[in-house]
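Working through the structure, step by step
Chain by chain, the residues run as shown.
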Amino acid sequence: MPDMIENLVIVESPAKAKTIEKFLGKNFHVVSSFGHIRDLKKKNLGINVENDFEPVYEIPKEKTRIVAELKKAAAGAKNIWIASDEDREGEAIAWHLAAVLDLDPALTKRIVFHEITKDAIASAIENPRTIDMNLVNSQQARRILDRLVGFEISPVLWKKVQPSLSAGRVQSVAVRLIVEREREIISFNPESTFRISAFFRTLEEDLKSPVIRAEATQRFHDEKSALDFLELCSLSDYKVEDIVVKPGTRSPAPPFTTSTLQQEAYRKLGFSVSQTMTVAQRLYEGGKITYMRTDSTNLSKVALAKSREVIISLFGDRYAKTRQYQTKSKGAQEAHEAIRPTYPDNKTIQGTQNEKRLYDLIWKRTIASQMADAQIEKTAISISVSRSPAGFTATGELIKYDGFLRLYSESHDQEKIDDDKYILPPVKKDTPLYYNTISATQKFTIPPPRYTEASLVKKLEELGIGRPSTYAPTISTIQNRGYVSKEDRPGEARKIKTLKLENGKITPAVKNEITGKEKSKLFPQDIGMIVNDFLVEYFPDIVDYNFTAEVEEQFDKIADGEMKWTSMLKDFYGPFHESIENTLEKSNRKKGIRILGNHPETGEPVSVRMGRFGPLAQIGDSDNDEKPRFASLSKNQLIETITLEEALNLFRLPRSLGMHQDGEIVIGTGKYGPYVRHEGKFYSLKKGVDDPYTITIERAVEIIREKNENDRKKIIKDFGDILVLNGRFGPYLTKDKKNYRLPKGIDTEKITKHDCLEIIEKNNKTHKKS
């Protein structure tokens, strides 16, 4: 770093510094603060509640060197420009930097930009401002209030529920949403009806004539009424009663905000919320997209004009329709721009595969938002049944002009498989029709869907809880704490009844369908449900949806200069601290105990509860002379729903099947499901194939042999302390429990131990440099 610097620009990250430096002249020197140069002491909450909630700061030890270097650079600079992000957290970072580095306000300029481009940076430098203390105070209030909630409630949970637990203003509300949804599902009772569908042809003798797919206008509550209707159908004549054609339009979705990007990246790309934000951060810092934490759908005039040029060049004038969207988000923050490509004429970028995929999604959404509406034509055909007042309806949709659909169509959480997009054959009113088949299928009502990460973000935004910067960390925190888990579940087979009318004959049948299958859904864990119930009982305001949203509105008022942040915290802290004291004094310890019944043979009580290491079932009690027996609940079992029979089954494991090659074969179950244990090694049972309670020794030996054979095939070369292995993504080598990629083109059959050591040494050197 030079001794004398004319202009020192400070940003948060090295990647951002590298990109900005490309657009500035030689008289500018850009440095990174490597994140936030500040932290709150945890001792005594690190907050002086008696003195206007004055925060107590310390510089983390690992950042003292960075601070010293920045102070030295700042001391020799004529002008200092702080270019942290433009949101409230970025403003707070700027303020902390100014305070920690003892910067002279007369020499310090605050610059902001929502995209890292030459024009945006030049404009920011031409229009510097001072640090906005309203934004700083808003972020300060959020940070301190969240610290107060977490630091005061968490010790209560340690005493009254279980050690090492935590609570948070937003995370606890997110857990409550998931718990309440799970209980809705648990209490849901599916109801059965029969849905009648039919295929009609337009010519009596020609079985290959155009077919109309239709559904009965009513559903039938039981098999008998469905059968009666089919019998009437077998004797009836059919004709087209009415045809209704309605033109319509479909408009494109607005450009991305943080939450809609997180939702769509999950649905289209399979990205988690945190993965989306990590990739988006890299795209922003690389100058490829605008700032990625925003709740605005607004686009700049330059972006609108450039998008129009791109559309005309790719699709023609007819496809362009410039439009500006209004932000509908509840409690939207300071108006940034929507997330968009910094250069809309760049259809593709250089980068990792995930960066390319996310950029492609952002580019398509942005360009599509400025394209013409799609013109559609919806048709509904009413079909009469001569012997029944109930008829059939066929619906179809025809896209007359594709408009924005030529480029992009938004996905939805619950994708509907319906007949709307079915193209109907041309028919006229009173045209006679003839059935090919008419089928009655038993259908069951479905419970409300469990949340995905994307749908939880959507719900939090609808309720006004959290802000763009908080969604990803909130969802990561509740999973890391073990309150919630993201899981796939295979579902269960269910028998359904069907009736089919064909050639005048009705044929009954029973089929299987899979119900309850889940993909990447959020499931509450027992400890999450227990903590939620405790908070709802003793701290109802903290987990109240309206309270959390109102707090966000108060942060907005502080940011706008309409409310004093210390007054807001005082109004909150008094009643809150009083509830802490009352809870510590009056509440009982929560163990989540549930009595299931008595053991059918011994009469001992059987219960489930939360233990020190997780949920467990218990036979007997400590009041008797005989010691109680314990068994851990399986992964997908809950204290709230487990039955007596299921709990008793847990005590059947582990079970011994006998001896094999001088070693005992034992069947057990653990964190990752049921397994075979033999000579200190574990072999997983196959899902849907092996039942741990009925598996035989012959099958267990087969599982052991299969696994050992696969392990042998996996090893390409064995050099003792170094193994060359076949992996899921190709060959690799492993040493001291660390894995190393092999260079492309290397012949694994000819590789030597010396080659492996060179690869490891080269890899370690690369990591040290980075």
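Residues numbered from 1 in each chain as written. Predicted model: local features only at pLDDT ≥ 70, side-chain atom pairs only at ≥ 80, totals over all residues. Heavy atoms only, no water.

What to know about the sheet that holds strand β27 (residues 715–718)
- Sheet architecture is open: four strands sit in the order β27-β28-β29-β30, paired in antiparallel fashion. At either end of the open sheet lies a strand with only one pairing partner, and these are β27 and β30 (738–741). Ignoring strand direction, the axes of neighbouring strands in this sheet form an average angle of 25°.
- Against the sheet, helix α18 (residues 697–714) makes contact with β27, β28 (722–727) and β29 (730–735), and its axis sits at roughly 65° relative to β27, the strand it touches most. (Pairing = 2+ DSSP bridges. Helix = DSSP H or I, 4+ residues; strand = E, 2+ residues; numbered from the N terminus. Axes fitted to C-alpha atoms, helices over the stretch in contact; angles between N-to-C directions. Contact = heavy atoms within 4.5 Å.)

Notes on the side chain of Thr202
- With respect to the helices, strands and loops of the structure, Thr202 is situated in the loop between β9 (192–201) and β10 (211–216).
- Taking the relative accessible area as the measure of exposure, Thr202 reaches 16% and is therefore buried.
- Excluding residues within four positions of it along the chain, Thr202 makes contact with Ser209, Pro210, Val427, Pro432, Leu433 and Tyr434. (Buried < 20%, exposed > 50% of the residue type's maximum accessible area, 1.4 Å probe, protein only.)

Examining the environment of Ala75
- Tracing the chain through its elements places Ala75 in helix α2 (residues 64–75).
- Residue Ala75 is classed as exposed on the basis of its relative accessible area, which comes to 69%.
- Remark: the alpha-carbon pair of Ala75 and Asp691, spanning 616 residues in sequence, is separated by 71 Å.

Structural notes on the pattern of salt bridges
- Tallied over the entire structure, the rule returns 47 salt bridges.
- Here Lys71 makes a salt bridge to Asp102, at a shortest N to O gap of 3.9 Å. Residue Lys71 is found in helix α2, and its partner Asp102 is found in the loop between α3 (88–100) and β8 (108–110); the two are separated by 31 residues along the sequence.
- Exposure remark for Asp102: the relative accessible area of 59% places this residue in the exposed category.
- Here Lys239 ties to Asp430 by a salt bridge, and the two come within 3.7 Å at their closest N and O atoms. Note that Lys239 is positioned in strand β11 (residues 238–250) and Asp430 in the loop between β13 (388–401) and β14 (432–444), a separation of 191 residues in sequence.
- What emerges from the salt-bridge pattern is a single network uniting Arg142, Asp146, Arg169 and Glu552. (Salt bridge = Lys/Arg side-chain N within 4 Å of Asp/Glu carboxyl O.)

Details of the confidence of the model for the protein
- For the protein, the average pLDDT comes to 88, and 93% of its residues sit at 70 or higher.
- Across residues 36–46 the pLDDT falls below 50, and counting only partners more than four positions away or on other chains, this stretch makes 36 contacts in the model.
- Across residues 415–420 the pLDDT falls below 50, and counting only partners more than four positions away or on other chains, this stretch makes seven contacts in the model. (pLDDT = per-residue confidence, 0-100.)

Here we look at unusual backbone geometry
- The amide bond that connects Leu653 to the next residue, Pro654, takes the cis arrangement and shows omega of 0°.
- Checked against the element boundaries, Pro654 lands in the loop between α17 (644–650) and β23 (655–660).
- Unlike most non-glycine residues, Ser164 shows phi in positive territory, near 65°.
- If you trace the backbone, Ser164 turns up in the loop between α5 (133–160) and α6 (169–187).
- Its identity as a non-glycine residue notwithstanding, Asp736 has a phi of 50°, on the positive side.
- Mapped onto the fold, Asp736 is located in the loop between β29 and β30.
- By relative accessible area, which is 60% here, Asp736 ends up exposed.

As for the packing of helix α15 (residues 545–559) against helix α16 (residues 565–586)
- Relative to each other, α15 and α16 sit at 160°, their axes nearing to 10 Å. Relative to α16, the element α15 lies roughly antiparallel. The way α15 lies across α16 gives a crossing that is right-handed. Between α15 and α16, the residues in contact are Phe547, Val551, Gln554, Phe555 and Ile558 and Trp565, Met568 and Phe572, respectively. (Parallel < 35°, antiparallel > 145°, perpendicular 65-115°, else oblique. Left-handed = near helix turned anticlockwise from the far one by under 90°.)

A short note on the environment of Arg142
- Summarising the element assignment, Arg142 is placed in helix α5.
- Judged by its relative accessible area of 7%, Arg142 falls in the buried class.
- Along the sequence, Arg142 and Phe555 sit 413 residues apart, while their C-alpha atoms lie 7.0 Å from each other.
- Among residues more than four places away in sequence, those in contact with Arg142 are Arg88, Arg169, Arg467, Thr470, Glu552 and Phe555.

Points about the nonpolar core
- One finds Phe113, Ile153, Leu157, Ile289, Leu358, Leu456 and Leu535 to be the most contacted residues of the largest nonpolar core, which totals 117 residues.
- If you tally residues by element for this core, the top one is α5, at eight residues.
- Not counting chain neighbours up to four residues away, the residues in contact with Leu535 comprise Ile153, Leu157, Ala167, Ser172, Pro540 and Val543.
- Phe220, Ala390, Val427 and Ala440 belong to the second largest nonpolar core, which has 28 residues in total. (Core = buried A, V, L, I, M, F, W, Y, C linked by side-chain atoms within 4.5 Å.)

Details of the pairing of strand β25 (residues 673–678)
- As paired elements, strand β24 (residues 663–670) and β25 share six bridges and run antiparallel to each other. Its bridge partner lying in β25, Val666 is registered against Arg677.
- Hairpin remark: β24 followed by β25, antiparallel, with two residues in the connecting loop.
- As paired strands, β25 and strand β26 (residues 681–684) are joined by four bridges and run antiparallel to one another. Its bridge partner being in β26, His678 is matched across the sheet by Lys681.

What to know about the sheet that holds strand β2 (residues 28–32)
- Here we have four strands laid out as an open sheet, ordered β2-β1-β7-β8, and parallel in their pairing. The open sheet terminates on both sides in strands that have one partner only, identified here as β2 and β8. Averaged over all pairs of adjacent strands, the angle between their axes in this sheet comes to 25°, without regard to strand direction.
- Note: strand β1 (residues 5–11) against strand β7 (residues 77–82), five bridges, orientation parallel. Bridge pairing in β7 links Leu8 to Ile80.

Focus: the packing of aromatic side chains
- The final tally for this structure, using the stated rule, is 13 aromatic pairs.
- A centroid spacing of 5.2 Å and a plane angle of 45° characterise the contact between Tyr319 and Tyr401, whose relative ring orientation is tilted. Of this pair, Tyr319 sits in the loop between α10 (301–315) and α11 (353–369) while Tyr401 sits in strand β13, placing them 82 residues apart in sequence.
- Classification of Tyr401 by relative accessible area gives buried; the value is 8%.
- Three or more aromatic residues joined by ring pairs make a cluster, and in this case those are Phe200, Phe220, Phe229, Tyr238, Phe392 and Tyr435.
- The ring of Trp81 has Lys109 sitting right over it, with the charged end atom 5.2 Å from the ring centre.
- Over the ring of Tyr401 we find Arg318, and its NZ or CZ is 3.8 Å from the ring centre. (Phe/Tyr/Trp six-rings, centres within 6.5 Å; stacked < 30°, edge-to-face > 60°. Lys NZ or Arg CZ within 6 Å of the ring centre and 35° of its normal.)

Here we look at the packing of α6 against α15
- At their nearest, the axes of α6 and α15 sit 10 Å apart, and the two run at 150° to each other. As summarised for this structure, α6 and α15 are arranged roughly antiparallel, according to the angle between their axes. The element α6 and its partner α15 pack so that their crossing is left-handed. Contacts from Arg169, Val170, Val173, Arg176, Leu177 and Glu180 in α6 reach Tyr545, Thr548, Val551, Glu552 and Phe555 in α15.

Considering the pairing of β13
- Across two bridges, the pairing between β10 and β13 is antiparallel. Directly across from Glu215, in β13, lies its bridge partner Thr393.
- Relative to β13, strand β12 (residues 374–385) runs antiparallel, the two sharing ten bridges. Looking at the pairing, Ala380 lines up with Thr395 of β13.

Focus on helix α4 (residues 118–126)
- Those residues of α4 that sit buried are Ala120, Ile121, Ala124 and Ile125. Here the buried residues of α4 occupy an arc of 130° about the axis, which is enough to place them on one side. Counted as exposed and oriented over 90 degrees from the buried face of α4: Lys118, Asp119 and Glu126.
- On its buried side, α4 packs onto α1 (14–21), β2 and β7. (Arc of directions from axis to C-beta.)

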